[in-house]
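# Results of the structural survey
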Amino acid sequence: MTEAVYTRIAEDLRARITTGDLRPGDRVPTEAELAERWRTSRGPIRNALSTLRAEGLIETHRGRPARVVSKKADQAVDMSVPFTRWAHDLGVTPGAITQELSLRKAGAERAAALGVAEGDTIVSVVRLRLLDGRPTMLERLCYREDVGRLLLDVDTDAVSITEYLGSRGHGIVTVQHEIDAVAADAQDAALLRVAPGSPILRLSRISRDADGRVFEASEDRYLSEVVRFTVSGSGVSNDGQYLRAVGG
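A brief structural summary. As the structure is a computational prediction, the values presented were derived from the model and not from experiment.

### Quick word on the pairing of strand E2 (residues 64–68)
Sheet topology note: the strand E1 (residues 58–61)/E2 ladder contains 3 bridges and is antiparallel. By the bridge assignment for E2, Glu59 is matched with Arg67. With antiparallel pairing between neighbouring strands as the criterion, E1 and E2 make up a hairpin whose turn holds 2 residues, including Gly63 at a positive phi of roughly 85°.

Right under this line is the structure:
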């Protein structure tokens, strides 16, 4: 009987969180309030709250009321998964609002990243990405001209650029990632709805095709409160030495 009570309590609170009745940051009803509502003792209440805490839905601190937390979306960085597919795998709706799609001259940094000469024409894309309508990531993409011009023929708000370019013969065969934290600049702040200077996660990517040529250099800036990055690895190399993370 006790197990059935705490399960029903947990299911009720979980449903309220899922539907948005209880939102991130909201106070969860106290043990006393829940005990009165469910006409039960504190034991089942504590078991229900413990269940939700283990699921990452709430956080509890001694002497303070439990609160709903933002459930972060995991993104693996040891592989390349298009944002659109990643969002669908999470069970949420992806969105895109293109801020810029233009031809421009490559500066020294982008020219070096793409393996072109400084001053060569490249294609620049800036898109705001959303999960269930919430601003989540701002991507700044640069492409070699021959690849990027393909994007001039499509609605970049409606397609996965990675999948579209793959269908046109420019699939990502190898990818190099670099992760760090940066302060939000004016554009980040305005589009991601954070204060200027707020810490955000930056994922820089260099993508190569089947011939080993770089065709994309990108910089994605994520809200750290929404997304976290994960890396999988065996931890031990073939020669028995422990692996360690390196920059670059």
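There is more to say after this.
### Describing unusual backbone geometry
One non-glycine residue, Asp132, lies in positive phi territory at about 50°. Among the structural elements, Asp132 can be located in the loop between strand E5 (121–131) and strand E6 (134–144). Phi at Arg193 takes a positive value of approximately 60°, unusual for a residue other than glycine. By secondary structure assignment, the location of Arg193 is in the loop between helix H8 (186–192) and strand E8 (199–208).

### As for helix H4 (residues 83–90)
Helical periodicity: at 3.6 residues per turn, an α-helix aligns residues three or four positions apart in one direction. Listed in full, the buried residues belonging to H4 are Phe83, Thr84, Trp86 and Ala87. Along the long axis of H4, the arc covered by the buried residues comes to 160°, so they all point the same way. Residues of H4 that are exposed and point more than 90 degrees away from the buried face comprise His88 and Asp89. Taken from the residues just after H4, Gly91 is the one with a positive phi, measuring 85°.

### Quick word on a nonpolar patch on the surface
A cluster of nonpolar side chains, namely Leu101, Leu103 and Leu152, defines an oily patch on the protein surface of about 220 Å² accessible area. Residue position: Leu101 is located in strand E4 (residues 94–105). Given a relative accessible area of 30%, Leu101 falls into the partly exposed group.

### Examining the sheet that holds E4
Read across the open sheet, the 6 strands follow the order E4-E5-E6-E9-E8-E7; overall the sheet is antiparallel. Single-partner strands in this sheet number two, and they are E4 and strand E7 (174–183). Pairs of neighbouring strands in the sheet enclose a mean axial angle of 15°, with direction left out of account. Strand direction decides the pairing type here: E6 and strand E9 (residues 214–222), joined by 7 bridges, are antiparallel.

### Let's talk about the layout of surface pockets
Counted as a void, the second largest pocket has a volume near 480 Å³. If you trace the second largest pocket, you find 23 residues lining it, with Glu109, Arg110, Ala217, Ser218 and Glu219 closest to the centre. Secondary-structure elements contributing two or more residues to the lining of the second largest pocket are E4, helix H5 (108–114), E5, E6, E7, E8 and E9. The residue inventory of the lining of the second largest pocket, partitioned by class, reads 8 nonpolar, 6 polar and 9 charged.

### Concerning empty space enclosed by the protein
Here the structure, examined in full by the defined rule, presents 2 cavities of 30 Å³ or more. Taken as a whole, the second largest cavity spans an internal volume of roughly 40 Å³. Those elements giving two or more residues to the lining of the second largest cavity turn out to be helix H7 (161–167) and E9. With 3 residues, H7 is the largest single contributor of residues to the lining of the second largest cavity. For the lining of the second largest cavity, the residue count by class is 5 nonpolar, 2 polar and 1 charged.

### Comments concerning helix H3 (residues 42–54)
Taking 1.5 Å per residue, 13 residues should reach 18 Å; H3 reaches 18 Å between its end C-alpha atoms and fits that length. Buried within H3 we find Pro44, Ile45, Ala48, Leu49 and Leu52. Looking straight down H3, one finds that the buried residues subtend no more than 135° of arc, so they occupy a single side. Remark: Gly56 follows H3 within two positions and exhibits a positive phi of approximately 80°.

### Let's talk about the pattern of salt bridges
Proximity of charged atoms lets side chains of opposite charge pair with each other. Taken as a whole and assessed by the stated rule, the structure comprises 21 salt bridges. The residue Arg221 makes a salt bridge to Glu219 at a minimum N-O spacing of 2.8 Å. In terms of burial, Arg221 and Glu219 fall into one category: buried. In this structure, a network of salt bridges that share partners links the residues Arg140, Asp180, Asp185, Asp188, Arg202, Glu219 and Arg221.

### Details of the nonpolar core
Counting 17 residues, the largest nonpolar core has Leu13, Val28, Leu49 and Ile58 as the members making the most contacts within it. For this core, the elements supplying multiple residues, two or more each, are helix H1 (2–18), helix H2 (31–38), H3 and E2. When residues of this core are assigned to their parent elements, the largest contribution, 5 residues, is made by H1. Other than its neighbours up to four places away in sequence, Leu13 contacts Leu22, Val28, Pro29, Leu34, Leu49 and Leu52.

Definitions and cut-offs
- Residues numbered from 1 in each chain as written.
- Predicted model: local features only at pLDDT ≥ 70, side-chain atom pairs only at ≥ 80, totals over all residues.
- Heavy atoms only, no water.
- Pairing = 2+ DSSP bridges.
- Helix = DSSP H or I, 4+ residues; strand = E, 2+ residues; numbered from the N terminus.
- Buried < 20%, exposed > 50% of the residue type's maximum accessible area, 1.4 Å probe, protein only.
- Arc of directions from axis to C-beta.
- Patch = residues over 30% accessible without salt bridge, like charges linked within 9 Å, V, L, I, M, F, W, Y side chains within 5 Å.
- Areas by Shrake-Rupley, 256 points an atom, 1.4 Å probe, with all protein chains shown as cover.
- Salt bridge = Lys/Arg side-chain N within 4 Å of Asp/Glu carboxyl O.
- Axes fitted to C-alpha atoms, helices over the stretch in contact; angles between N-to-C directions.
- 1 Å grid on protein atoms, 1.4 Å probe; cavity = no way out; pocket = protein on both sides within 12 Å on 5 of 7 lines; lining within 4 Å.
- Points joined across faces, edges and corners; volume = space filled by probe spheres on them.
- Nonpolar A, V, L, I, M, F, W, Y, C, P; charged D, E, K, R; others polar.
- Expected span 1.5 Å × (residues − 1).
- Core = buried A, V, L, I, M, F, W, Y, C linked by side-chain atoms within 4.5 Å.
- Contact = heavy atoms within 4.5 Å.

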